[in-house]
Number of protein chains: 2
Amino acid sequence: MYRTHTCGELRIEHVGKIVLLSGWVQRTRDLGGMTFVDLRDRYGITQLTFSMDEQPELCRQARGLGREYVIQVEGVVSERSNKNKQISTGDIEINVSKLSILNASQTPPFTIEEESDGGDELRMKYRYLDLRRPPLRENMILRHKTALITRNYLSALGFMEIETPFLIKSTPEGARDFVVPSRMHPSEFYALPQSPQTFKQLLMVSGYDRYFQIVRCFRDEDLRADRQPEFTQIDCEMSFVTREDVLNTFEGLAKHILREIKGIEIGQIPQMTYDDAMRYYGSDKPDIRFDMKFVTLQSTQESIHLIRGGHGFKVFDEAELIVGICAQGAADYTRKQLDELTEFVKRPQIGATGLIYVRCTADGTFKSSVDKFFDTEELGNWAQHFDAKPGDLLLIMAGKHEKTRKQLNELRLEMGTRLGLRKKDDYRFLWVLDFPMFEFNEEDKRWYAMHHPFTSPKQTDINALCKNPEHVKANAYDLVLNGTEIAGGSIRIHNKPLQEAVFNILGFSPEEASEKFGFLMTAFEYGAPPHGGIAFGFDRLCALLGGSDSIRDFIAFPKNNAGRDTMINSPSGIDKQQWNELHIQHQKHISS
Amino acid sequence: MYRTHTCGELRIEHVGKIVLLSGWVQRTRDLGGMTFVDLRDRYGITQLTFSMDEQPELCRQARGLGREYVIQVEGVVSERSNKNKQISTGDIEINVSKLSILNASQTPPFTIEEESDGGDELRMKYRYLDLRRPPLRENMILRHKTALITRNYLSALGFMEIETPFLIKSTPEGARDFVVPSRMHPSEFYALPQSPQTFKQLLMVSGYDRYFQIVRCFRDEDLRADRQPEFTQIDCEMSFVTREDVLNTFEGLAKHILREIKGIEIGQIPQMTYDDAMRYYGSDKPDIRFDMKFVTLQSTQESIHLIRGGHGFKVFDEAELIVGICAQGAADYTRKQLDELTEFVKRPQIGATGLIYVRCTADGTFKSSVDKFFDTEELGNWAQHFDAKPGDLLLIMAGKHEKTRKQLNELRLEMGTRLGLRKKDDYRFLWVLDFPMFEFNEEDKRWYAMHHPFTSPKQTDINALCKNPEHVKANAYDLVLNGTEIAGGSIRIHNKPLQEAVFNILGFSPEEASEKFGFLMTAFEYGAPPHGGIAFGFDRLCALLGGSDSIRDFIAFPKNNAGRDTMINSPSGIDKQQWNELHIQHQKHISS
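Here is what the cut-offs are and how they apply
Residues numbered from 1 in each chain as written. Chains lettered and ligands numbered in written order. Predicted model: local features only at pLDDT ≥ 70, side-chain atom pairs only at ≥ 80, totals over all residues. Heavy atoms only, no water. Domains from an automatic or database assignment. Pairing = 2+ DSSP bridges. Helix = DSSP H or I, 4+ residues; strand = E, 2+ residues; numbered from the N terminus. Contact = heavy atoms within 4.5 Å. Buried area = accessible area lost by both parts, 1.4 Å probe. Salt bridge = Lys/Arg side-chain N within 4 Å of Asp/Glu carboxyl O. Polar contact = N/O pair within 3.5 Å; in protein donor to acceptor, adjacent residues only side chain to side chain. Axes fitted to C-alpha atoms, helices over the stretch in contact; angles between N-to-C directions. Phe/Tyr/Trp six-rings, centres within 6.5 Å; stacked < 30°, edge-to-face > 60°. Buried < 20%, exposed > 50% of the residue type's maximum accessible area, 1.4 Å probe, protein only. Lys NZ or Arg CZ within 6 Å of the ring centre and 35° of its normal. Least-squares fit on C-alpha atoms with pLDDT ≥ 70 in both. Disulfide = S-S within 2.5 Å.

Draft legend 1. Just the domain arrangement of chain A, in detail. Each domain of chain A was delimited in the assignment, giving domain 1 (12-103), domain 2 (137-271 + 430-554) and domain 3 (290-422). When each unit is reduced to the centre of its C-alpha atoms, the spacing between domain 1 of chain A and domain 2 of chain A is 52 Å.

Right, dumping it as C-alpha cells:
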C-alpha cells in the first residue's frame with residue numbers, strides 16, 4: 001500500500017492517527033532544528049515535519065530531497081501551531097517517522113507553480129510537467145466535469161450517445177480532410193471526420209430520435225493562433241423538431257452547465273437575426289455584455305440620410321455608410337486616447353482611413369474632430385439621434401457598407417474592453433438566427449454553403465432557391481457566448497430533391513453529388529424524418545468557462561501552430577516497410 | 001410542433017386527450033370498415049385507427065401508406081376493445097382525425113422486424129435501415145447506458161476523463177499503425193493511436209492520479225471475423241497503486257455494470273495464475289462457467305506418470321503429455337456422438353490426431369476406445385484419478401505439451417457447449433495473473449513483450465530479467481468473462497533504467513528506444529510515481545452483456561472483413577490535388 005490518505009484529505013479530526021502519504025516534494029525549508037516539506041498531489045498539499053533533535057538521520061535525508069522527488073512517508077497527524085488558512089489541510093502536519101524515496105527527479109526545466117518561469121516552447125516540450133501546475137490541473141478538472149455534466153443532462157432528456165466511425169470518406173465540401181492510406185486497398189484512403197454530420201443524420205433516418213456524442217473532429221487547415229488540427233465537439237441531433245425545439249433544448253443545456261460549473265443562473269437567452277446582428281454590431285457573433293449598438297447616420301442601402309449634405313466634408317459626402325457608436329461617459333477621453341483609437345482602427349488588420357469623434361460635454365456643447373464642417377446644431381442632431389447624454393463620446397466611421405461595419409465592430413469591442421464592459425465572469429449568451437443560406441466567392445465564382453450543404457433553407461424561401469440564392473435564408477442558428485461562437489446548427493434537409501437542388505447550386509454535378517453523398521440521398525428515400533441539430537465547440541466552451549481566450553490550456557496535449565507535438569516529436573518519418581505496405585512513395589515532382 | 005407524445009408514451013389515463021404523434025408506418029391492416037396502422041418510433045408502437053364510415057377520405061389515404069412512410073397524425077386517445085398486453089401502449093389506440101405524410105419511403109430492401117430477411121451484405125449497405133430493427137436498437141441503448149454508467153462510476157471514484165490526442169506518432173512495437181500523411185511536413189506522418197498507453201502514463205507523471213477515457217483505438221491488422229480496424233476501449237490508469245488496488249477498483253466497476261445493466265449481483269471475482277490457467281484449462285482465458293478441469297495422467301514436464309507403461313499403445317508411449325477431462329453424466333454418449341467429437345478435434349483448426357474415451361458406466365465398469373491396451377483395473381485407476389462417477393465420460397488426448405493442452409481446451413469448450421454448461425445469462429468473471437513477461441518468436445529469433453513493453457516485471461523477478469527472460473513473470477493481469485478476455489492491464493515500469501533494460505531485451509537499440517520513446521523515459525526522470533492500469537475492450541464487453549458473440553452488432557457503423565464501409569463506400573480514391581498537397585504518389589514498383 002502506498003498511502004492511507006491523499007495530500008488533500010487530512011483535517012484536525014485526524015490528529016493522532018498514523019498515516020501513510022505519497023506525493024511530490026513541492027518545497028523543503030530548514031528552520032533551525034526542524035525541516036519542513038510540502039508534499040503535493042492532485043488533491044492538495046500536506047506539510048511534513050522532520051526534527052533534527054528527535055530523528056537526525058531522517059531529518060538529514062529530508063534535507064536532501066529535491067523539488068519534484070516522489071516520496072512516501074509514514075507519520076502521525078499533529079495539530080499545527082501555525083495554522084495555514086490558505087489550504088484545506090492547513091490545520092495539521094505530519095510528524096514523519098519513515099521516509100522512502102519512490103523516485104528521484106532531475107531539477108525541472110521551469111518552476112511548477114501557479115505562474116511558471118518557462119517559455120511556451122519549453123513548456124510544450126515538457127507538457128507533462130506543465131500539466132502539474134495548478135491552473136492547468138484546474139482546467140482539466142473543469143473539462144472533465146463539463147463533459148460529465150453534459151452527458152448526464154442530455155442522457156436524462158433521452159439522448160443516446162452513439163459512437164460514429166473515425167475512418168470515413170473524403171468529401172469535397174468544407175475544410176481539407178486528413179486522410180489515411182489504406183493498406184488493403186491500394187490508392188484508396190479513409191478520411192478522418194471533420195464532424196459526424198452525415199452519420200448523425202443517418203442515425204435520425206434510423207429512428208434513434210435523439211443522438212449526441214462528445215467526439216474528436218479533424219481539419220487539416222493552416223493553423224492560426226488557437227486553432228488545433230484535432231478538436232472536440234458536443235455533437236447533437238434530434239428528430240421531429242422545429243428550430244424552436246432545438247433552441248429550447250440546448251438553451252437548457254447551456255443554462256445547466258453555467259449553473260453546475262459556475263454557479264450562475266442565466267435568464268432566457270435573447271435571439272437576434274443575422275441581419276440585425278450585422279446592422280447593430282457589424283458581426284454575426286456580437287458580444288452583448290455591453291450595449292453600444294451601431295447607429296446609422298447615413299446609408300445608401302437603407303435610404304437613411306440624417307446628415308445634411310453640402311458641408312464640404314469629402315469623407316462623408318463619398319461614403320455609402322456613416323455609422324457610429326456612443327461610448328457612455330467617455331467624453332473626457334484625452335486627445336492622446338482619441339489618437340490611440342484612431343491608430344487602432346488604422347492598423348492594417350482593421351484598415352480604416354480615419355475616425356470621427358464628437359465629445360458631448362457636460363455643459364451641453366459639442367467638441368468634434370469635424371468642427372470646421374459641422375456646427376453645433378448639426379452635432380446636436382447627431383447626438384440626439386444617438387440618444388447621447390452629456391458626458392458621452394460619439395465615435396463615427398464612414399466608407400463602404402460591409403467594410404465599415406466590420407471596422408466599427410472592432411472599435412466597439414475595443415471600447416468595450418477599455419471601458420471595462422467585457423468582464424470575464426459575466427456570461428451573456430445570444431442566439432443568432434436566419435443566416436444567409438449561401439455566400440458567393442468572388443475568386444471561384446461560385447456559391448458556398450454558409451453553414452453546410454445539409455442545412456435546410458427556411459420554408460418561406462424555398463421557392464427563391466434556384467432563382468435568387470442570395471436572398472435565401474437558412475434555417476440555421478448559432479449560439480454566441482461573450483462574442484464567441486460556441487455552437488452552430490440547423491434544421492436539415494430531409495428529402496432528396498431539395499438536397500439535389502442545393503448540391504446543384506453549390507456546383508456539384510449529379511455524378512459528384514451521388515459519388516460523395518449518394519448514401520445520404522438514398523437514405524432520404526427510405527423514410528427520413530424531419531430533423532435538426534447543433535454542435536458545440538467543446539474546447540472553446542471550456543476555455544470560456546475557465547475565463548480564458550486560449551483553448552490550448554484546456555487540451556491536455558495540444559499541438560503547436562505548425563501542427564506539431566514537440567513533446568513526442570510528431571509528425572515524424574515512418575519505416576520504408578510502412579511506405580511499401582501502403583503502396584505510396586514520396587512525390588518527387590508535383591505533376592500538373 | 002411535430003408531436004405531443006412519443007409512440008411509447010400513451011396509457012389508459014390519456015383516454016380522451018387529443019394528441020399529435022409522428023413516426024414510421026410499421027404495418028397497415030384493413031379490417032372491413034376499419035384501417036389499422038401501427039405507428040413506430042424509438043420509444044414504442046401505437047395503434048392508429050381510421051374509420052371508412054366516419055372519414056372515408058382519410059381512411060383511403062391511410063390505406064395508401066407504405067411500409068416505413070414517415071407520417072404525422074392528430075387524433076383522440078381511445079380505449080382499445082382488444083387490448084394488446086405485449087406492448088406498453090396496448091391499452092389504447094388513436095382515432096385519427098388528421099394525417100400528413102412527412103416523407104414517403106421506397107419499399108425497404110429487407111424486412112425491418114426482430115429477424116430480418118436481408119443478408120449480411122445488404123444489411124451493411126443499408127445499415128441505417130438495419131439499425132431500425134429492435135435488436136440493434138436495444139444493442140445501441142445498452143452500449144449508451146454502459147458507457148454512461150462507467151463514466152459516472154469512475155468519476156465518483158475520483159477518476160478524471162482526459163482526452164488524449166489522435167494524431168500521434170508511429171511506434172515500432174505492437175500491431176501495425178494507421179498513419180496520416182502530414183501536408184505541412186513532407187514525408188512525415190502522424191499515426192492513429194493503438195491505445196493511449198504512453199499518454200496515460202504521462203498523465204500519471206503529471207500527477208493526475210486517476211485517469212480514464214472511453215476512447216477509440218486503431219489497428220491496421222488483417223481482419224479476422226469480428227475484429228474491427230477501429231474499436232473502443234475503457235482506458236484507465238492510477239498512481240500510487242499495487243496490483244491489488246487496481247484489481248479491487250475494476251472488480252468494483254465490473255460488479256457495478258453487471259448490477260446496473262443486467263440486475264445481477266456477482267460475488268468476489270476468483271483469481272488464477274497464468275500457469276494454473278494453462279495447466280487446468282489449456283487457455284489464458286478459461287471459461288469458468290463450468291468446471292471440467294484438465295487432469296494430467298502423464299507429463300514429462302511435471303514428472304507425472306500415472307499410466308503404467310508397456311501396454312503397447314504407441315500414442316501414449318510416445319506422448320509428452322497425456323491429459324483429459326471428465327464430462328459429467330456423458331457416459332451415455334453414442335458411438336455417433338463420440339465419432340463427432342473425434343472429428344471435431346481432428347479438424348485442421350484444431351489438428352489433433354485422435355481422441356480416447358472412457359465411459360464410466362452405471363454398473364461401475366468401463367468401456368473405452370483403448371480397451372485392448374488397458375484392462376478394467378487400469379481404467380478404474382484413471383477414473384479414480386479423474387474423480388469420475390458412474391455415468392461420466394472421460395475424454396483423453398495425448399501428444400506434445402503445449403499443442404495437446406490447446407486441443408483439449410477446444411474440446412472442453414465444445415463439451416461445455418454440448419452439455420449446456422455455457423449459458424449466456426451466466427456471467428463468470430476471472431482474474432488471470434502473473435503472465436510471462438516475454439514470449440520468444442521463433443521466426444524473428446527475438447523476444448516480444450507478452451503484454452506491452454511498459455509492463456513491469458514482478459518485483460521478485462527483476463534480477464532474472466537479463467539472464468533468464470523466459471522465467472520472468474510480468475505484473476500483468478487480464479479480466480476474463482465467460483472465456484473471453486475483456487480487459488487487460490499491468491503495473492507499469494516507472495523508472496528509466498528498468499525501461500531501458502526491457503527495451504534492450506526487446507531488441508531496440510538505445511537510439512531506436514530514444515527516438516521512439518525518449519519522451520517517456522525523460523518523463524521518468526522528473527518524478528514519475530509508481531502507477532498501473534487497465535483497459536477494457538468496450539465493444540466486446542457490450543456484446544457479452546447483450547448475450548452476443550458478435551461485436552459488429554454493437555457498433556453503429558462497423559466495417560466489413562475487408563475493412564470497408566460498404567454503405568459510404570470507404571476507403572475510396574482522393575483528388576489529384578490531395579495527393580499533391582500531401583507530397584505523395586502511388587508507388588509504381590516496390591523498391592527493395
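Read on, since the account is not over.
Draft legend 2. Just the sheet that holds strand 9 (residues 210-218) of chain A, in detail. The strand order across the open sheet formed by eight strands is 6-9-10-23-22-21-18-11 (chain A), and the pairing between neighbours is mixed. Each edge of the open sheet carries a strand with a single partner, namely strand 6 (160-161) and strand 11 (271-273) of chain A.

Draft legend 3. Examining the interface of chain A and chain B more closely. The interface of chain A with chain B comprises 131 residues on the first partner and 131 residues on the second. Of all residues in chain A, A:Glu163, A:Phe240 and A:Tyr526 give up the largest surface area on contact with chain B, accounting jointly for 7% of the area buried on that side. Summed over the shared surface of chain A and chain B, the result is 16 salt bridges. The residue B:Arg183 makes a salt bridge to A:Asp222 at a minimum N-O spacing of 3.1 Å. Across the contact surface, chain A and chain B share 80 residue pairs in polar contact (both at pLDDT 80 or more). If one sorts the elements of the side of chain A that touches chain B by residue count, helix 4 (residues 134-156) of chain A sits on top with ten residues.

Draft legend 4. Summary view of the sheet that holds strand 17 (residues 393-399) of chain A. All names here are of chain A. Strand order in the open sheet formed by six strands is 13-12-14-17-15-16, and the pairing between neighbours is antiparallel. Where the open sheet ends on each side, the last strands, each with one partner, are strand 13 (304-305) and strand 16 (366-368). Examined bridge by bridge, strand 12 (residues 295-299) and strand 13 share two bridges and lie antiparallel to one another. The partner of Ser-299 across the bridge, within strand 13, is Ile-304. Helix-sheet contacts for helix 11 (residues 401-418) involve strand 12, strand 14 (321-327) and strand 17, and the interaxial angle to strand 14 is about 10 degrees.

Draft legend 5. A look at the packing of aromatic side chains. Considering all chains together, one arrives at 53 aromatic pairs over all chains under this definition. Centre to centre, the rings of A:Phe454 and A:Phe517 are 5.2 Å apart; their planes meet at 80 degrees, and the pair counts as edge-to-face. Here the residue A:Phe454 occupies a position in the loop between strand 20 (446-449) and strand 21 (476-481), and A:Phe517 occupies one in helix 13 (residues 510-523), the gap between them amounting to 63 residues. Just as A:Phe454 is buried, A:Phe517 falls in that class too. On the basis of an interplanar angle of 85 degrees and a centroid distance of 6.3 Å, the ring pair of B:Phe454 and B:Phe503 is categorised as edge-to-face. In this pair, B:Phe454 is assigned in the loop between strand 20 (446-449) and strand 21 (476-481) and B:Phe503 in helix 12 (residues 496-505), connecting sequence segments 49 residues apart. A residue is classified by how much of its surface remains accessible, and B:Phe503, at 1% relative accessible area, is buried. Across the ring face of A:Tyr126, the terminal group of A:Lys125 is positioned such that the distance to the ring centre comes to 5.9 Å. A cation sits over an aromatic face here: B:Arg412 above B:Phe290, 4.0 Å from the ring centre.

Draft legend 6. Here's a closer look at the relation of the copies chain A and chain B. Least-squares fitting of chain A to chain B yields an RMSD of 0.1 Å, with the superposition described by an axial translation of 0.0 Å and a rotation of 180 degrees. The transformation just described matches what one would write down for a two-fold rotation axis. Residues of chain A ranked by C-alpha distance from the rotation axis are headed by A:Val180, positioned 2.5 Å from it. Most of the interface of chain A is mirrored in chain B, where 100% of its interface residues are also at the interface.

Draft legend 7. Spatial organisation of helix 14 (residues 538-545) of chain A. All names here are of chain A. Judged by how many residues are buried, helix 14 sits mostly within the fold: seven of eight residues are covered. Three or more residues of helix 14 are buried, namely Phe-538, Asp-539, Leu-541, Cys-542, Ala-543, Leu-544 and Leu-545. Considering only its buried residues, helix 14 is in contact with helix 4, strand 10 (230-239), helix 6 (243-262), strand 21, strand 22 (484-491) and strand 23 (531-537). Within two residues after helix 14, Gly-547 carries a phi angle of roughly 70 degrees, on the positive side.

Draft legend 8. Fine view of unusual backbone geometry. All names here are of chain A. Ser-570 connects to Pro-571 through a cis peptide bond whose omega is 0 degrees. Summarising the element assignment, Pro-571 is placed in the loop between helix 14 and helix 15 (576-581). Non-glycine residue Phe-240 carries a positive phi angle of around 55 degrees. Summarising the element assignment, Phe-240 is placed in the loop between strand 10 and helix 6. A residue is classified by how much of its surface remains accessible, and Phe-240, at 2% relative accessible area, is buried.

Draft legend 9. Here's a closer look at the pairing of strand 5 (residues 92-103) of chain B. All names here are of chain B. Two strands pair when backbone bridges link them, and strand 3 (residues 44-51) and strand 5 are joined in this way by two bridges, in the parallel orientation. By the bridge assignment, Thr-49 is partnered in strand 5 with Asn-95. Pairing analysis gives ten bridges linking strand 4 (residues 70-79) to strand 5, with the strands arranged antiparallel. Residue pairing in the sheet places Glu-74 in a bridge with Lys-98 of strand 5.

Draft legend 10. The arrangement of the state of the cysteines in detail. A full pass over the atoms with the stated rule returns zero disulfides over all chains. A:Cys326 takes part in no disulfide bond, and the closest cysteine sulfur, belonging to A:Cys360, lies 6.3 Å away. By relative accessible area, which is 11% here, A:Cys326 ends up buried. Left without a disulfide partner, B:Cys59 is nearest to the cysteine sulfur of B:Cys7, which lies 19 Å away.

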